[in-house]
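# A closer look at the structure
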Amino acid sequence: MPHTVHVSAIIHAPLQKVWASFRDFNGLAAWHPGIAESRLEEGGRHDAVGSVRYLTLQPSGFVREQLLMLDDPGTALRYSIIETDLPMRDYIAGASLHPVTEGGQTLVEWWADFRVEGAELRDVANAVGQNVFAAGLAALNEKLREA
């Protein structure tokens, strides 16, 4: 049975700025502390559905992800993990961004549905929620506040 992890955060920057960081399918390494390197596989584009990125993770590990949906008017995207050395299977994730009209901030919701094999569900779910989503959103908030 799939498990869902959902994290939301307020980013102290306008929607267009935050979306520019999220929609760049090859840009995660520029702001996420858990990503050592990101590269698009042959024929991939940073904004093309179907593109595959290979992420080298900190401190170790890898993930190959495919962009499933990129909705610029709706400021939302979805992607899947197609290969990884992590204990997650059938991983589908997405993010949606919404303007916070007071103060020019952005609400980001980041979620993932997945199964876990060979590990404790609670541990993997906590790692995704805290080390991937929450840590990434905190780092993006810091980067965009400085910009």
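Residues numbered from 1 in each chain as written. Predicted model: local features only at pLDDT ≥ 70, side-chain atom pairs only at ≥ 80, totals over all residues. Heavy atoms only, no water.

## Digging into the side chain of S38
On the secondary structure map, S38 appears in strand β2 (residues 35–40). A relative accessible area of 13% places S38 in the buried class. Look past the residues within four positions of S38 in its chain and what remains in contact with it is F25, N26, A29, R53, Y54 and L55. (Helix = DSSP H or I, 4+ residues; strand = E, 2+ residues; numbered from the N terminus. Buried < 20%, exposed > 50% of the residue type's maximum accessible area, 1.4 Å probe, protein only. Contact = heavy atoms within 4.5 Å.)

## Some thoughts on the nonpolar core
With 36 residues, the main nonpolar core has V18, F22, Y91 and F133 as its most contacted residues. Those elements that provide at least two residues to this core are β1 (3–11), α1 (15–23), β3 (52–57), β4 (62–71), β5 (76–84), β6 (88–100), β7 (105–116) and α2 (121–146). Broken down by element, the residue count for this core peaks at seven residues, all from α2. Contact partners of V18, with chain neighbours within four places excluded, come to I11, A13, L97, T106, V108, L140 and L144. (Core = buried A, V, L, I, M, F, W, Y, C linked by side-chain atoms within 4.5 Å.)

## A word on the sheet that holds β6
Two orientations exist for strands paired in a sheet by backbone hydrogen bonds: parallel and antiparallel. Strand order in the open sheet formed by seven strands is β1-β7-β6-β5-β4-β3-β2, with antiparallel pairing between adjacent strands. Across the chains shown, the open sheet's two edge strands, defined by having one partner strand only, are β1 and β2. Sheet twist, expressed as the average angle between the axes of neighbouring strands with direction ignored, equals 25°. Summarising the sheet, β4 and β5 pair through eight bridges and their orientation is antiparallel. Counterpart to V63 in the pairing with β5 is T84. (Pairing = 2+ DSSP bridges. Axes fitted to C-alpha atoms, helices over the stretch in contact; angles between N-to-C directions.)

## Side note on the packing of aromatic side chains
For the coordinates displayed, the defined rule picks out six aromatic pairs. Seen from their ring centres, F22 and W31 are 5.3 Å apart, and the 45° between their planes marks the pair as tilted. Looking at F22, the relative accessible area reads 8%, which means it is buried. Take W31: its relative accessible area is 8%, and that puts it in the buried class. Through pairs of rings, three or more aromatic residues link up here, namely F22, W31, W110 and F133. Looking at R39, its charged tip hangs above the ring of Y54, at a distance of 4.6 Å from the centre. For the cation-ring pair, R53 lies above Y79, with the distance from its terminal atom to the ring centre recorded as 5.3 Å. (Phe/Tyr/Trp six-rings, centres within 6.5 Å; stacked < 30°, edge-to-face > 60°. Lys NZ or Arg CZ within 6 Å of the ring centre and 35° of its normal.)

Function-wise, these values are silent; they only describe arrangement.
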